[in-house]
Amino acid sequence: MAVSPYLLVSIVLGVKCYRARVLVSLVRAGRVQERPKASLILVPAGQLFIGEVVTLRCDIQGHTDTEWRYSFYKNEYQPFYSEVREYSFSVVESDSGKYTCRGERRSDSWRSEISDAVTLTVSALPRATLTVEPESSVFTGESVTLKCEIKGYVGWTYQWYKQDPWGGLITVPQSVHHTVNRDTLTIRGDAVIHGDQYWCRGERRYRTTSSQISDPVTLTVNALPRATLTADPKWSPVFSGESVTLKCEIYSYDGWTYQWYKQDPWRRWTAVSQSVYHTVNRDTLTIRADTVINGDQYWCRGERRLRPTSSQNSDSVTLTVEETPKPELTSSHKGAALIGNPVVLYCKLDQSAGWRFYWSKHTQSPENETKTETHSYTISSVSVSDGGQYWCRAGRGTPVYYTHYSDALWMNVTESPKAVISINPDNQVFRGETVTLRCDMQGGGDTEWRYSWHKDDYSHVSFSTTKENTISFVRESHSGKYTCRGERRSDSQTSEISDAVTLTVSDRAQAVLRSSPQSWLTEGDSVTLSCEVKGSSTGWTFSWYRDKDELLSDSSRGAGGSYTLSPVALNHTGVYACRAMRGETTYHTQYSDTQPLWITGVSRPVSLKVSPSRVQHFSADSLSLSCEGQSDSTGWRVRRYTHREKVSDCSSGSGSVTGSTCSISSLNTSHTGVYWCESESGESSNPVNITVTNNNVILESPVHPVTERDPLTLRCLCHHTKASDCIAEFYKDGLLLQTQTTGEMTIRTVSKSNEGLYHCKHPEKGESPQNWILVRVSTNPADKAAPNLVGVVVGVGFAVLFIILLILLWCYRANKGLKQNIDQMSQQNRQPGAEVTQNGHTLRHADVASGSTEVTYAEIELKTKKPTKKREMASVNADTVYSELKHNTDKGNVAGLGDSD
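Here goes a summary of the coordinates provided. (Residues numbered from 1 in each chain as written. Predicted model: local features only at pLDDT ≥ 70, side-chain atom pairs only at ≥ 80, totals over all residues. Heavy atoms only, no water.)

With that settled, consider the sheet that holds strand 35 (residues 376–379). Backbone hydrogen bonds hold the strands of a sheet together, and the pairing may be parallel or antiparallel. Read from one edge of the open sheet, 3 strands run 30-32-35, paired in antiparallel fashion. Every interior strand has two partners, whereas the edge strands, strand 30 (328–331) and strand 35, have only one. Neighbour to neighbour, the strand axes of the sheet diverge by 15° on average, direction disregarded. Where strand 30 lies against strand 32 (residues 343–348), 4 bridges are found, and the strand directions are antiparallel. Bridge pairing in strand 32 links Glu-328 to Lys-348. (Pairing = 2+ DSSP bridges. Helix = DSSP H or I, 4+ residues; strand = E, 2+ residues; numbered from the N terminus. Axes fitted to C-alpha atoms, helices over the stretch in contact; angles between N-to-C directions.)

Dropping the structure here:
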């Protein structure tokens, strides 16, 4: 219960007033005495621990205990009272402080002087500290000393505890296994058990106070380090004549010295010391070669001054001794080595390891030996000079111990075959094709090789067991330079690498179709369609199509790439296309662009009339096309072929139809194409070509073919300019014909030679598109008779001239009278005569009959060669006159000239 500070102050003031009144009364009575002084002592004196009992004793000097009662003060302000001079209590830490006391006489409450202050110090119980010696782990057989301390205090005795098998604590007393010496406990070596735990606690000898128990100490017991014994050479067996060095090591500690032991013939272990047969050098023992005996056993042990003082014995080493070995020399190749290939020689020993190897060539010469650390010797690129005999031997140790030499090995070196790479179907292929790379060995069979394929300097490598490597669907990424080489199956030797071939993979293949001579033909002409693959010409076969991909007959298929129509007929008119294929998996190109063929007949029931009547037209001009026939044209319509719409009616697009007439009010370039009339039954007129251009210049030419011997007028028209004001240059097949200021050119008599591509050019406004002018052979008999008659007249005139020449020759020879020459001529003319051809005429000398040479006659036969082509019929020079001259002799008369055909 807390006391109010106001109450304490009132009590103190009251006591002082009471004392003052007593003192005044005593002075008046004459009985004033000096006050005695109290004395305070603590029992026990010194530092106390929590739980101990302390006694406060207050003595009044010169007075007995019975006449006083006592007041005790803590820190001057916490009084407590006792009827006797001693006051005892069990201390806690909060009891620490300065204590005083005073006495108060029972008879008159007279007080002594207060005692001097005495300090009471109360501390917590100290904890014992347990240490172990040695501090590190303990080795088997070593003793352990534990030490218990309570630092800062004296007068302690110690108790020792150990954990029993059931987890409880038991006291460790003095015994043969445990020695207690004040603050230490020594555990004998054979009682030190790994994992045992110990504690300690301190007790005061004259006070019932104990310390707190120490933390436990757990014993860690390690086995003694084991010595490791190794032999040099580090292999077994050793061979006769080799010395052996043994080495003893203990890796975990230093400062060791070593003892060596050997088993004697009675299987007892005896120490080995320095001698002529054994050399001891710290951690090594060298056994002289003549002392190395098969079956001897050795072991070692380490000792040192510090703990651990000894090691465990090493495992024993047993010496195995054999006779000097002989290695076997082999090669990586069973047969001859190919030039340029690596060759590896192997020196094989069945016994042990640790050898270095020595190689000799041509002779067994130690001075010229080559040394390797492994049992192989590699020639990275063998050449002819590497051929010959080889030996090997092995050596080890210092000084080197050598084996016997191997038997000799003969190496043959021959030329390496060269690989040859080829690409099928071609070096130039197209995306999606199947490509086969083929690798052939010059002079090598197919079965003895496997193959590697390299692309672009080894950046991509693949392998195959056959000589062909197929890429089933090539892409552009497969393009590159390819090489190959062979590797022989028997010994992995490689051929020379092939020369590189370049594979080029292009986008999808495109067929290209062309016609020769042109697309516009007359019945009876010949035309050849040629199909080729752009950028490639190897291994293709071709298919031909007409009108909506209708496949032509199989006879048209082949590798020639051409399709000939001869002679052409009206039913050959159509739109043609082709495509090519090749390879076992039949790769197809894309279809070619279409190629129309237009066949015109001599006479058709209906013809197409064009107004304005010309082939070329300016953009935005109007155009009228009508079907007109010899009789009724009802049921006929105008059809057209353009690249944009293919085949369609003229009415499609911007055309308007009235009856059999199609009108286009405003032309544009999409109207360019071929136009014709077609009946409901599918009968058609001759086609007409219409060209619409954005150019400022066009060529006015007839829309229908021109007949031979008719006149032809070509005009060069300039947009928005009169024809007479258009100065023009006229060209045929790219060659300048003439320049006209009137813009007009006329051919008075047309022949087949005038057929071709025409265009005109204005010096300022540009040039017209090209236009094919077709010349049709005349069907009028009168036109055909004229050239035939000319031919006959010319032929007869030539025959007459030839007869006159012969007569003059006869006269000349007769006047000379050279009979001998005539006889020689007769001899020669008995042989078969030779034909001489010149200027289209054939002359043949007949045999000359034997007889008089005075008279000579000639028989002339005129023959006209029949024309084979229409174009030859149109030319006088194409007629051929044959004459046959026969030499005869007659003594009388001269025969006349023979009849001519």
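Okay, back to it.
Turning to the environment of Val-400, a few remarks are in order. Looking at the element boundaries, Val-400 is found in the loop between strand 36 (388–396) and strand 37 (401–402). For Val-400, a relative accessible area of 37% translates into the label partly exposed. Once the C-alpha coordinates of Val-400 and Arg-356 are considered, the two residues, 44 residues apart in sequence, prove to be 9.4 Å apart. Ignoring any residue separated from it by four or fewer positions in sequence, one finds Val-400 in contact with Tyr-358 and Gly-395. (Buried < 20%, exposed > 50% of the residue type's maximum accessible area, 1.4 Å probe, protein only. Contact = heavy atoms within 4.5 Å.)

Counting buried positions along strand 72 (residues 756–762) gives 5 out of 7 residues, so the element sits mostly inside the fold. Bridging between strand 69 (residues 728–732) and strand 72 involves 4 bridges; their strand directions are antiparallel. Note on strand 72: the bridge partner recorded for Phe-730 is Cys-760. Of the pairings in the sheet, the one linking strand 72 to strand 74 (residues 771–773) comprises 3 bridges and is antiparallel in character. Bridging from a neighbouring strand, Leu-757 pairs with Trp-772 of strand 74. Bridge count for strand 72 against strand 73 (residues 766–767) is 2 bridges, and the pairing is antiparallel. Within strand 73, the position partnered with Lys-761 by the bridge is Glu-767. Taking the residues that link successive antiparallel strands as the turn, the strand 72-strand 73 hairpin has 3 residues.

With that out of the way, let us pick up the state of the cysteines. Per the counting criterion, the structure on display carries 9 disulfides. Between Cys-347 and Cys-392 runs a disulfide, and the two sulfur atoms are separated by 2.0 Å. Disulfide Cys-347-Cys-392: torsion about the S-S bond near 80°, hence right-handed. Here Cys-347, found in strand 32, pairs with Cys-392, found in strand 36; they are 45 residues apart in sequence, far enough to count as distant. Under the relative-accessibility criterion, Cys-347 is labelled buried at 1%. With a sulfur-sulfur separation of 2.0 Å, Cys-439 is cross-linked through a disulfide to Cys-484. For the disulfide bridge between Cys-439 and Cys-484, the dihedral angle about the S-S bond is near 80°, and by the sign convention the bridge is right-handed. You can see Cys-439 sitting in strand 42 (residues 435–441) and its partner Cys-484 sitting in strand 46 (residues 480–488), a full 45 residues away along the chain. For the residue pair Cys-439 and Cys-484, the accessibility class agrees, reading buried in each case. (Disulfide = S-S within 2.5 Å.)

This structure, assessed with the given rule, holds 42 salt bridges. One salt bridge in this structure joins Lys-326 and Asp-407, with 2.7 Å as the shortest N-O distance. On the criterion of sequence distance, the pair formed by Lys-326 in the loop between strand 29 (321–322) and strand 30 and Asp-407 in the loop between strand 37 and strand 38 (409–411) is long-range, its members being 81 residues apart. Judged by relative accessible area, Lys-326 falls into the partly exposed class, the value being 47%. If you follow the salt bridges from partner to partner, you end up with Arg-57, Asp-59, Arg-85 and Glu-86 in one network. (Salt bridge = Lys/Arg side-chain N within 4 Å of Asp/Glu carboxyl O.)

These values are about where atoms sit, not about what they do.
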